[in-house]
Protein chains: 2
Amino acid sequence: MTLTLLAAEGGVDVARFFLVLATMLVGAKLLGELAERIGQPAVLGELVAGVLLGGSALAVVPTEGTAAELVHVFAELGVLLLLFEIGLETDLRQMFRVGPAALAVACVGVALPFALGYAYWALAPHPAVAGADLTTAGIFIGATLTATSVGITARVLSDLGRMNTPEARIIIGAAVIDDVLGLVILSVVSGLAAGAAVTFLGVLRTLGVAVGFLVVAVLIGRFAVPRLFDVIVRMRVRYVLLVFSIAFALGLASLASLAGSALIIGAFAAGLILSGTNQFDTIEHEVRPVASIFAPIFFVSVGASVNLSLLNPTTPAARATLLVAAALTGIAIVSKLAAGWAAPWMPFRKLVVGVGMVPRGEVGLIFADIGRRSGVLPEEVFGAVLLMVMATTFVAPPALKALFARE
Amino acid sequence: MTLTLLAAEGGVDVARFFLVLATMLVGAKLLGELAERIGQPAVLGELVAGVLLGGSALAVVPTEGTAAELVHVFAELGVLLLLFEIGLETDLRQMFRVGPAALAVACVGVALPFALGYAYWALAPHPAVAGADLTTAGIFIGATLTATSVGITARVLSDLGRMNTPEARIIIGAAVIDDVLGLVILSVVSGLAAGAAVTFLGVLRTLGVAVGFLVVAVLIGRFAVPRLFDVIVRMRVRYVLLVFSIAFALGLASLASLAGSALIIGAFAAGLILSGTNQFDTIEHEVRPVASIFAPIFFVSVGASVNLSLLNPTTPAARATLLVAAALTGIAIVSKLAAGWAAPWMPFRKLVVGVGMVPRGEVGLIFADIGRRSGVLPEEVFGAVLLMVMATTFVAPPALKALFARE
């Protein structure tokens, strides 16, 4: 009744929206489970659930109006909490300790795919896409190829019981550095999408703001926030640590955005900062379930934006998308495999590290989503990037399993 | 940057909205803490935080546009999760066991305040409020006076270490039955607000739908859902129980609303149903932190809708509001005290039970909020109801403390 009321007032139909949310959550978990059962990461299932619930299939996820904006806000909250959780799980000291090898693998693993992706788009022959600015689109394509998914990689290694091998340590270390580099690239790329011209100085300035925000926030935060939380923990109201942590992530994300960086950089910084508090274990333990409710909404809504008809191989346009997807997947795999050989001075199995770096995930999808929303990446190319992310994520787990089994 | 982008597209300013959410959360916890430190329940502090952040003071909480609708959806999610949690914590069997005494206290404790509230509004002299339909407004006023706050009462009794007294068992039992009766009244009242005429048959039909939905959902649910959750618990994806529980609450709430009952009745039923699953402990343990993030958003946004200028005693309008508030508070206290004597055949301290039933809370605020949104309760009366809720909640804890200390 409350609802009929609100709908009559011209407001949102809250009941219908909550039903959409419930369907997205159930779909994400069911297909996530199916993915795990066939030996794939759950995030793949969530993407597929989104494709099925999206506008070109069941049309459960709204695509326009206030309802679509609401889904968007919940999805943003999801990706914010996910990056906050990744930040929480990132051990700054361990990141510094894995040292030169991880850094070398990370740098090559970011630079090479970016360069190859950009070159493919700007120079190599590929099916023309109407209305795409070649340079900006090329930078976006390159960016989507850079970031290895820490979440997926770590999950696969722990599922295989190989977390304590030198290869695993290098993979995780590189993937984390990779994520930070990816977040910096995100700022540049968001600036581009907002219409900033691609000048060297402009890129440098955006880079400066992103790195500067991260460094300043983390430096001040690691000093001041643990003291603040030592006071907060003495409060008596229930779940005070959890609520203050979430508020801190929301607040720092907003500040990052208002300072000209990106929401998720702020959320990641909030996680890094809180990982230095004495109450870290409680915070991580309580934030994780909350993140696990909202993060799937992001992945489902990303999947929902795929136009299935673009992937129907009987139409020429779809064949073009599939060709681009194949080319991008090839670049994505080859360039990350090569990164395995970036630290020749250290003894470890280069191929294992290379394969471990292959899965792309959240950050790549965020890039692609920003590109699609701002119109820099046409729908066809967005579909191709999504296929690339899914393909790399499908390929790595069985390959790693086989490589470790050969020992 | 993502944000500038979205704002430029005419969408919601997500960064600014997240900053508002963060401020509401921090404000709620800080003033909630302050309330606890001076011996009052935290919910009082959250209401005061809302008044301070609201339009007539700091104006942090948006009052119009898409931002206000977003706050509203998050507040609805908060009250939905709160009622879901209350449902989870309600032991159906214990409710039947406390038996006739609790039932008698609950019935008198609902009927008497409702009748007195209605009579005061419809018959007794009180400052006139322009544009109020006397009968409908009277029913609303009566309804806001009915439901004892289980949350506050249980919290106070456990803080005093008196949960195992016969008085405490009767208070809790009656408050729970009270809450169910209150939810049924809510359906009637929501129907009225939506413009249904006040006919005896209409009230009976609305009552039938509300009770029918609750009974059918709980009967089917208690049979089928535990079997379903025994399957779900075997899934491997992370936090599958939590996510399915939340999705179940969202889904059943939507169904209740679409069936012509209220969102929160569905959420409460979802809680009652899940309290019969074998995974109940895990579910309750994981739902509680999530509810504790969103529930304060509801209380803060309720507080934010108070127009402070209405409470300034130097203006005649404000004096009228204060007079109404004083009258309502008197009725609220006297009628619940009388309910303590509703079971004369049982030996217990009637005054303790009566005082324990005095605090009004969530459900009364929900009634008042629906009345305000639909225009049935003018702003002045809404302010008076809010003052009544706050006064009853302030009065009971110290009185109970004193009564128990006299033993």
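These figures come from a predicted structure and were not determined experimentally.

Asker: So what about the overall build of chain A? Which residues, and what values?
Answerer: Looking only at helices and strands, chain A has 17 helices and zero strands in total. Radius of gyration (C-alpha) of chain A: 21 Å, near the 22 Å computed for a compact globule of 407 residues. When the backbone C-alpha atoms are referred to their principal axes, chain A occupies close to 55 × 50 × 50 Å. Per-residue burial for chain A yields a buried fraction of 60% across its 407 residues.

Asker: Could you give me a rundown of the nonpolar core, with the residues and numbers involved?
Answerer: Core analysis: the largest hydrophobic core is formed by 293 residues, its most contacted members being Phe18(A) and Phe18(B). Each residue touching Phe18(B), except ones within four places of it in the same chain, is listed here: Val73(A), Glu76(A), Leu77(A), Leu80(A), Leu250(A), Ser254(A) and Leu263(A).

Asker: Break down the relation of the copies chain A and chain B for me, with residues and values.
Answerer: Rotating chain A by 180 degrees and moving it 0.0 Å along the rotation axis overlays it on chain B with an RMSD of 0.0 Å. What the rotation and shift describe, once combined, is the action of a two-fold rotation axis. Relative to the rotation axis, the C-alpha of Val290(A) is the closest in chain A, positioned 3.1 Å from it. Comparing interface residues between copies, 100% of those in chain A also sit at the interface in chain B, which points to an isologous, same-surface contact.

Asker: Tell me about the interface of chain A and chain B, and name the residues and values.
Answerer: Taken together, the 71 residues of chain A in the interface contact 72 residues of chain B. Both faces considered, chain A and chain B share a buried interface measuring about 6,600 Å² in area, 72% of it formed by carbon and sulfur atoms. Viewed at the interface, chain B and chain A are joined by two salt bridges. The closest approach of N and O atoms between Glu85(A) and Arg238(B), which form a salt bridge, is 3.0 Å. For the interface between chain A and chain B, the tally reads 14 residue pairs in polar contact (both at pLDDT 80 or more).

Asker: Break down the pattern of salt bridges for me, with residues and values.
Answerer: A side chain of one charge can pair with a side chain of the opposite charge if their charged atoms are brought near each other. Residue and element names in this part refer to chain A. Counted by the stated rule, this structure contains 16 salt bridges over all chains. Taking the shortest distance from any N to any O, the salt bridge between Arg373 and Asp369 comes out at 3.8 Å. A residue pair is termed a helical-turn pair when its members lie 3 or 4 positions apart in one helix, as Arg373 and Asp369 do in helix H16 (residues 362-374) at four residues. A relative accessible area of 29% means that Arg373 is categorised as partly exposed.

Asker: Can you break down the packing of aromatic side chains residue by residue, with the values?
Answerer: Applying the stated criterion across every chain yields a total of twelve aromatic pairs over all chains. Residues Phe74(A) and Phe294(A) carry aromatic rings whose centres are separated by 6.1 Å and whose planes lie at 25 degrees to one another, so their mutual orientation is stacked. Taken together, the residues Phe74(A) in helix H4 (residues 65-89) and Phe294(A) in helix H13 (residues 280-304) connect sequence positions 220 residues apart. Members of the aromatic cluster, connected to one another through ring pairs, are Phe17(A), Phe18(A), Phe74(A), Phe294(A), Phe17(B), Phe18(B), Phe74(B) and Phe294(B). Between the NZ or CZ atom of Arg227(A) and the centre of the ring of Phe223(A), over which it lies, the distance is 4.3 Å.

Asker: Can you break down a nonpolar patch on the surface residue by residue, with the values?
Answerer: Residues and elements named next belong to chain A. A contiguous nonpolar patch, built from Phe200, Leu201, Leu204, Leu207, Val211, Val215, Val216, Leu219 and Ile220 and spanning about 890 Å² of accessible area, is present on the exposed surface. Within the fold, Leu201 resides in helix H10 (residues 200-232). Residue classification places Leu201 among the exposed residues on the basis of a relative accessible area of 65%.

Asker: Can you lay out the side chain of Ser292(A) for me, pointing to particular residues and giving the numbers?
Answerer: Turning to its location among the elements, Ser292(A) is positioned in helix H13. Its relative accessible area of 3% is what places Ser292(A) among the buried residues. A distance of 2.7 Å separates the side chain of Ser292(A) from the backbone oxygen of Pro289(A), its partner in a polar contact. Residues within four places of Ser292(A) in sequence aside, it is in contact with Lys29(A), Arg238(B), Tyr239(B) and Val243(B).

Asker: Quick one: what's the story with the confidence of the model for chain A, residue by residue and with numbers?
Answerer: All names here are of chain A. Of all residues in chain A, 91% have pLDDT values of 70 or greater, and the mean over the chain is 83. Taken as a whole, residues 1-10 scores under 50 in pLDDT and shows 28 contacts with residues more than four places along the chain or in a different chain. The ipTM assigned to the predicted complex is 0.82, against a pTM of 0.83.

Asker: If you had to explain H13(A) to someone new, which residues and values would you point to?
Answerer: Residues and elements named next belong to chain A. Look at H13: 35 Å from first C-alpha to last across 25 residues, which is about the 36 Å you get at 1.5 Å a residue. Taking the largest bend as the criterion, H13 deviates by roughly 30 degrees, centred on Ser292, and proline Pro296 comes between one and four positions later. Within H13, 21 of the 25 residues are buried, which leaves it mostly tucked inside the rest of the structure.

Asker: I'd like a rundown of the side chain of Lys350(B), residues and numbers included.
Answerer: Residue and element names in this part refer to chain B. Tracing the chain through its elements places Lys350 in helix H15 (residues 350-356). One polar contact links the side chain of Lys350 to the main-chain carbonyl oxygen of Met346, over a distance of 2.6 Å. In this structure, Lys350 is in contact with Gly340, Trp341, Ala343 and Pro344, ignoring residues within four places of it in sequence.

Asker: Tell me about unusual backbone geometry, residues and numbers included.
Answerer: Residue and element names in this part refer to chain B. For Ala59, which is not glycine, the phi dihedral falls at a positive 60 degrees. Within the element layout of this structure, Ala59 appears in the loop between helix H3 (42-53) and helix H4 (65-89). A positive phi angle, near 55 degrees, is found at Tyr239, a position not held by glycine. Within the secondary structure, Tyr239 sits in the loop between helix H10 (200-232) and helix H11 (240-258).

Asker: Go over helix H6 (residues 99-122) of chain A with me, naming the residues and quoting the values.
Answerer: The first and last C-alpha atoms of H6(A) sit 34 Å apart over 24 residues, in line with the 34 Å expected at 1.5 Å per residue. What H6(A) keeps buried is the set Gly99(A), Ala101(A), Ala102(A), Ala104(A), Val105(A), Ala106(A), Gly109(A), Val110(A), Pro113(A), Gly117(A), Tyr120(A) and Trp121(A).

Asker: Any details on the environment of Val225(B)? Residues and values, ideally.
Answerer: Residue and element names in this part refer to chain B. Summarising the element assignment, Val225 is placed in helix H10. Sequence-wise, Val225 and Leu365 are 140 residues apart; in three dimensions their C-alpha atoms are separated by 31 Å. Val225 has contacts with Ile220, Phe248, Ile273, Leu274 and Thr277, leaving out every residue within four places of it along the chain.

Asker: Requested: an account of the packing of helix H6 (residues 99-122) of chain B against helix H14 (residues 316-339) of chain B, with residues and values cited.
Answerer: All names here are of chain B. Following both chains from N to C, one finds H6 and H14 inclined at 155 degrees, their axes separated by 8 Å at the closest point. In this view, H6 runs roughly antiparallel relative to H14, as classed from their interaxial angle. Note that H6 runs across H14; the crossing there is right-handed. On the side of H6, the interface is formed by Val105, Val108, Gly109, Val110, Leu112, Pro113, Leu116, Gly117, Tyr120 and Trp121, while H14 contributes Val324, Ala327, Leu328, Ile331, Ser335, Lys336, Ala338 and Ala339.

Asker: Give me the environment of Ile333(A): which residues, what numbers.
Answerer: Residue and element names in this part refer to chain A. Take Ile333: it is sitting in helix H14 (residues 316-339). Spatially, the C-alpha atom of Ile333 lies 35 Å from that of Gly276, the residues being 57 residues apart in sequence. Beyond its immediate stretch of four places on either side in the chain, Ile333 contacts Val358, Thr392 and Val395.

Reading guide: rules and limits
- Residues numbered from 1 in each chain as written.
- Chains lettered and ligands numbered in written order.
- Predicted model: local features only at pLDDT ≥ 70, side-chain atom pairs only at ≥ 80, totals over all residues.
- Heavy atoms only, no water.
- Helix = DSSP H or I, 4+ residues; strand = E, 2+ residues; numbered from the N terminus.
- Rg over C-alpha atoms; globule rule 2.2 N^0.38 Å.
- Buried < 20%, exposed > 50% of the residue type's maximum accessible area, 1.4 Å probe, protein only.
- Core = buried A, V, L, I, M, F, W, Y, C linked by side-chain atoms within 4.5 Å.
- Contact = heavy atoms within 4.5 Å.
- Least-squares fit on C-alpha atoms with pLDDT ≥ 70 in both.
- Buried area = accessible area lost by both parts, 1.4 Å probe.
- Salt bridge = Lys/Arg side-chain N within 4 Å of Asp/Glu carboxyl O.
- Polar contact = N/O pair within 3.5 Å; in protein donor to acceptor, adjacent residues only side chain to side chain.
- Phe/Tyr/Trp six-rings, centres within 6.5 Å; stacked < 30°, edge-to-face > 60°.
- Lys NZ or Arg CZ within 6 Å of the ring centre and 35° of its normal.
- Patch = residues over 30% accessible without salt bridge, like charges linked within 9 Å, V, L, I, M, F, W, Y side chains within 5 Å.
- Areas by Shrake-Rupley, 256 points an atom, 1.4 Å probe, with all protein chains shown as cover.
- pLDDT = per-residue confidence, 0-100.
- Expected span 1.5 Å × (residues − 1).
- Bend = angle between axes of the 7 residues up to and from the residue.
- Axes fitted to C-alpha atoms, helices over the stretch in contact; angles between N-to-C directions.
- Parallel < 35°, antiparallel > 145°, perpendicular 65-115°, else oblique.
- Left-handed = near helix turned anticlockwise from the far one by under 90°.

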